[in-house]
Amino acid sequence: MTSEPRVIDCQEAARRLHELIDGELTPEVEGAVQRHLEDCAPCMAVYEFEEAFLRFVKLKAKGQTAPGDLKKRILGSLGLTSNSDNT
Amino acid sequence: MASAPDDKKETFEKEALPYLDTVYRVALRLSGDSTQADDLTQETMFKAYRAWHQYKQGTNVRAWLLTILRHTFINEYRREKQRGPTVDVAEFEQFTVFHDIQEVDPAGRFFDQIVDDEVIRAIDQLPPEFRECLVLSDIADLSYAEIADIMKVPVGTVKSRLFRARQALQRVLYDYAVEAGYIKRSVR
């Protein structure tokens, strides 16, 4: 006998949105949130907004890279030669 | 056959060096000062290289480097500089600004008009423990468990701080966008 799939309300869905975007939910809860979003247009709209916001923050906050002279100094002090990449 | 020191150099270059920019970005946001960030990054990479034999192959090298960075920052740098005022996270409403803007800009396109420096300034206004969670998640891409391990707090605390940090950041950026004329404040 299989158990009924978990059902959640708008309040719980709202609380779980960031965890869903971050890939931090268990498969069971992730399924429940996704099912809720498919059936609830207002929650889906919030989800899409939050996802766009987090994408925006990550993009803007990752714009800086270590200065070239700092990289050279570190490589030199460690006796290394290669170039680091841009992560 | 490569000698042991050559092997150390090779594996460090291949596995740790690619995260130099991530270490620098996190150092910059923790310290809020480019000179300190330079020193912190250099010291972190130096300590990591010296302790490379302690790194467990196959584990997350980024999280390992950031653990060294955080220890170094807390022990040697944190008290050196007084940062500017921070926002009171508790003061912010704990829900999305979506409800404010859904009539005029439901996709949040106004965010795209905000420049990088303004986002960085808003992140720097978060209280340290909230800023740290956000930086380790959204700049360093660590999981909640990895952040909890680095900060020595329960995963639930990471989850709650991260959520509140993001909502506060969203609200600060929304207020900035209203002031800059990128979006009209709606009356709820």
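One can find the structure itself at the top, above this paragraph.
Residues numbered from 1 in each chain as written. Chains lettered and ligands numbered in written order. Predicted model: local features only at pLDDT ≥ 70, side-chain atom pairs only at ≥ 80, totals over all residues. Heavy atoms only, no water.

Q: When you look at the overall build of chain B in this model, what are you seeing that I'm missing?
A: A count of helices and strands for chain B gives nine helices and zero strands. Going from the N terminus to the C terminus, chain B shows its helices and strands as α-α-α-α-α-α-α-α-α. Sorting the 188 residues of chain B into buried and exposed places 51% on the buried side. Across chain B, the fraction of contacts at a sequence separation of at least 24, relative to all contacts at a separation of at least 6, is 72%. Each charge class in chain B can be summarised by its mean position, and for the 26 positive and 31 negative side chains these summaries are 4 Å apart. (Helix = DSSP H or I, 4+ residues; strand = E, 2+ residues; numbered from the N terminus. Buried < 20%, exposed > 50% of the residue type's maximum accessible area, 1.4 Å probe, protein only. Contact = heavy atoms within 4.5 Å. Lys, Arg positive; Asp, Glu negative; His and termini not counted. Charge placed at Lys NZ, Arg CZ, Asp CG, Glu CD.)

Q: Would you mind going over the side chain of B:Glu132 with me for this structure?
A: By the element assignment, B:Glu132 lies in helix α7 (residues 128–139). On the basis of relative accessibility, which here comes to 6%, the residue B:Glu132 falls in the buried class.

Q: How do you make sense of empty space enclosed by the protein when you look at a structure like this?
A: Remark: the empty space left among the atoms is shown by a probe the size of a water molecule rolled over them. Residue and element names in this part refer to chain B. Counted under the stated rule, the structure contains one cavity of 30 Å³ or more. In this structure, the largest cavity occupies an estimated 30 Å³ of space. Lining the largest cavity, in full, are Val26, Leu30, Leu66, Leu69, Arg70, Glu132, Leu136 and Ile150. Elements with a minimum of two residues in the lining of the largest cavity: α2 (20–31), α4 (61–77) and α7. Ranked by the residues each element gives to the lining of the largest cavity, the list is headed by α4, at three residues. By residue class, the composition of the lining of the largest cavity is six nonpolar, no polar and two charged. (1 Å grid on protein atoms, 1.4 Å probe; cavity = no way out; pocket = protein on both sides within 12 Å on 5 of 7 lines; lining within 4 Å. Points joined across faces, edges and corners; volume = space filled by probe spheres on them. Nonpolar A, V, L, I, M, F, W, Y, C, P; charged D, E, K, R; others polar.)

Q: How should the interface of chain A and chain B be read in this particular structure?
A: Often, the extent of an interface is quoted as the loss of accessible area upon association of its parts. In this assembly, 37 residues from chain A lie in contact with 49 residues from chain B. Taking both sides of the interface into account, the surface hidden between chain A and chain B amounts to around 3,900 Å²; carbon and sulfur atoms contribute 61%. Connecting chain A to chain B are eight salt bridges. Here A:Lys58 and B:Asp141 are joined by a salt bridge, their closest N and O atoms 3.9 Å apart. In this assembly, chain A and chain B are joined by 18 residue pairs in polar contact (both at pLDDT 80 or more). When residues of the side of chain A that touches chain B are traced back to their parent elements, those giving at least two are α1 (10–21), α3 (41–61) and α4 (68–78) of chain A. (Buried area = accessible area lost by both parts, 1.4 Å probe. Salt bridge = Lys/Arg side-chain N within 4 Å of Asp/Glu carboxyl O. Polar contact = N/O pair within 3.5 Å; in protein donor to acceptor, adjacent residues only side chain to side chain.)

Q: What exactly am I supposed to notice about the layout of surface pockets here?
A: When its volume is computed, the largest pocket comes out at roughly 320 Å³. If you trace the largest pocket, you find 18 residues lining it, with A:Cys10, A:Ala14, A:Arg15, B:Thr96 and B:His99 closest to the centre. If you list the elements that add at least two residues to the lining of the largest pocket, you get α1 and α3 of chain A together with α5 (98–101) and α9 (155–179) of chain B. Residue contributions to the lining of the largest pocket peak at six residues, all from α1(A). The class makeup of the residues in the lining of the largest pocket is 10 nonpolar, six polar and two charged.

Function-wise, these values are silent; they only describe arrangement.
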